[in-house]
Amino acid sequence: MRRIAAHYLIDRGAVRLRPVVEADDEGRIVSVGEWDRLDGRAATEFYAGALSAGFVNAHCHSELSYLRGAIPRGSGFAGFARAIGQVRGGFTAEERRRALQAADARMWHEGVQAVGDIVNDDSSFEVKSRSRIAYRNFAEVFGLNADTSDARGLLRRADTSLTPHSAYSLQDGVFREIAAEGAGPLSIHFMESPDEAALYRGEGSLAEWYGRMGWTCDFLRYGSPAARIAASVPSDRPLILVHGCCAAEEDMQILGESFSTPVAWALCPRSNLYISGLRPPVELLRRRGETICVGTDSLASNDSLSIVEELKAIPDVPLPELYAWATINGARALGMESDMGSVEVGKRCGLVLTENLDSRDGSLRLASESRTRRLL
């Protein structure tokens, strides 16, 4: 049994003062209370800073960890996609395994409890089988000439389901086949670039690329990526839309009216800045009351897989709200809220300490030197 106390607990969008949390030897929360005066008992561990549940990285490509630093910043949406194809063959299987192992270990140390992870092959599963992080794997189907056969080979792995890459990279029948299969969440790259919407008008770099390759799209009749998703995905299917940098209010309105459960918007701001310099529409999403969660994308387009560094890239949002995005909202999006995402009795949610917070004006903020580390 451990008894852990701190100055603050940030949980479910609120700050509690003087928390004390007890957990059993398996890491399950036994009690959550408040200390009045620490009695000096040796069994109580006190930490300066704020406690929270373990973080949920709602969108990651951990299998690309070996590409850290391999693709230059500012390459743009199309340039980044081309660069991955050019460089990914230059690494051995052992180099890939070591990079993933290091990324997994660092995520755990910094407080990540669960990951919504995109997989395109089986290279990440050996490391995941030994990881203490809970991975929810999305076997991604990508390509205008693709079918689901290759991705289906990954479904023998635990906690793995099919997902379409995006609303611009799959033909209609394949997209609908995936959308109709199963009841778990889909994780779809959505409006990361203005070229996605432009494609449906026959314009932009995607349309030009497809034209040069002699590829035709059988889905442009939907009129927009949002309209295509609304018409193709069952209304009761949980949906995670990733990036959303160029999503307009009309898109959010269409999607919000089409699904019986709230759409989760997974924001990866540092990846967007790395690739294109675009930013997600945070204030629009907040104003509309949309459900927001946080991802890191991959080390091909980010300096680290740190959730707290991702939160620092989202300015002017109260810290309790940011932490709700990074914990309970992400857990709900992945269907894991019964055991993680909030510090509650019975949960094995992890316990993370955030140190070096800025509290000078009476409210808590992340500072440049703020860091997180796992306690439980």
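Given the structure is predicted, the values throughout are model-derived calculations rather than measurements. Throughout this description, residue numbers start from 1 for each chain and increase along the sequence as written. A pLDDT threshold of at least 70 governs which residues receive local features in this predicted model, and a stricter bar of 80 or more applies before side-chain atom pairs are shown or counted, although totals over entire chains, interfaces and linings include all residues. Where side-chain values are given, they derive from all heavy atoms of the structure, hydrogens and water being excluded.

Asks: Explanation requested: empty space enclosed by the protein in the structure shown.
Replies: The probe, sized like a water molecule, is rolled over the atoms to show the empty space still left. Cavities and pockets are found on a 1 Å grid laid over the protein atoms alone: a cavity is a set of points where a 1.4 Å probe fits but cannot escape, a pocket is an open set with protein on both sides within 12 Å along at least five of seven lines, and a lining residue has an atom within 4 Å of such a point. Grid points are joined across faces, edges and corners, and a volume is the space filled by probe spheres set on the points. This structure, assessed with the given rule, holds one cavity of 30 Å³ or more. Volume-wise, the largest cavity comes out at about 40 Å³. In terms of lining, the largest cavity is formed by Phe77, Glu192, Ser193, Cys245, Asn272, Ile275 and Ser276. When grouped by side-chain class, the residues that make up the lining of the largest cavity number three nonpolar, three polar and one charged. Amino acids are sorted into nonpolar (Ala, Val, Leu, Ile, Met, Phe, Trp, Tyr, Cys and Pro), charged (Asp, Glu, Lys and Arg) and polar (every other residue, Gly among them).

Asks: I tried to follow the environment of Pro315 on my own but got confused; where do I start?
Replies: Only DSSP runs of H or I covering at least 4 residues are called helices, and only runs of E covering at least 2 are called strands; the numbering of each starts at the N terminus. Mapping Pro315 onto the fold places it in the loop between helix H12 (307-312) and helix H13 (319-333). Between buried and exposed lies partly exposed: a residue is buried under 20% and exposed over 50% of the maximum accessible area for its type, with that area taken using a 1.4 Å probe on protein chains only. Assessed through its relative accessible area of 48%, Pro315 is described here as partly exposed. Separated by 153 residues in the primary sequence, Pro315 and Leu162 place their C-alpha atoms 34 Å from one another.

Asks: Whenever I open this one, the layout of surface pockets confuses me. Can you help?
Replies: Considered as a void within the structure, the largest pocket measures approximately 880 Å³ in volume. In terms of lining, the largest pocket is formed by 32 residues, of which the most central are Ala81, Ile84, Phe142, His165 and Tyr168. Of all the secondary-structure elements, those providing two or more residues to the lining of the largest pocket are helix H1 (76-87) and helix H7 (204-213). If you tally residues by element for the lining of the largest pocket, the top one is H1, at seven residues.

Asks: Just checking my understanding: could you explain the sheet that holds strand E10 (residues 186-190) for this structure?
Replies: One key point about sheets: their strands pair by backbone hydrogen bonds, in either a parallel or an antiparallel sense. DSSP calls a pair of strands paired once it identifies at least 2 bridges connecting them. Taken together, four strands build an open sheet; the order of strands is E10-E11-E12-E13 and the sheet is parallel. Two strands close off the open sheet at either side, each with one partner strand: E10 and strand E13 (291-294). Recorded for the sheet is a direction-independent mean angle of 30 degrees between the axes of neighbouring strands. Pairing of strand E12 (residues 264-267) with E13, which is carried by four bridges, proceeds in the parallel orientation. The residue of E13 that forms the bridge with Leu267 is Val294. Every angle, taken between N-to-C directions, lies between 0 and 180 degrees, and every axis is a line fitted to C-alpha atoms, over only the stretch in contact when it is a helix.

Asks: Even after reading the chapter, I still don't get the sheet that holds strand E6 (residues 55-60), so can you show me in this structure?
Replies: Within the open sheet, the four strands sit side by side as E6-E7-E8-E9. Their pairing is parallel. Edge positions in the sheet fall to E6 and strand E9 (160-164), since each has one partner strand and no second. The mean inter-strand angle of the sheet, taken between neighbouring strand axes irrespective of direction, is 20 degrees. Of the pairings in the sheet, the one linking strand E7 (residues 112-119) to strand E8 (residues 134-141) comprises six bridges and is parallel in character. Residue pairing in the sheet places Ala114 in a bridge with Ala134 of E8. Whether two residues are in contact is decided by their heavy atoms, any of which lying within 4.5 Å being enough. Strands E6, E7 and E8 of the sheet are contacted by helix H2 (residues 93-109), whose axis makes an angle of about 145 degrees with E7.

Any functional reading would require information beyond the geometric quantities listed.
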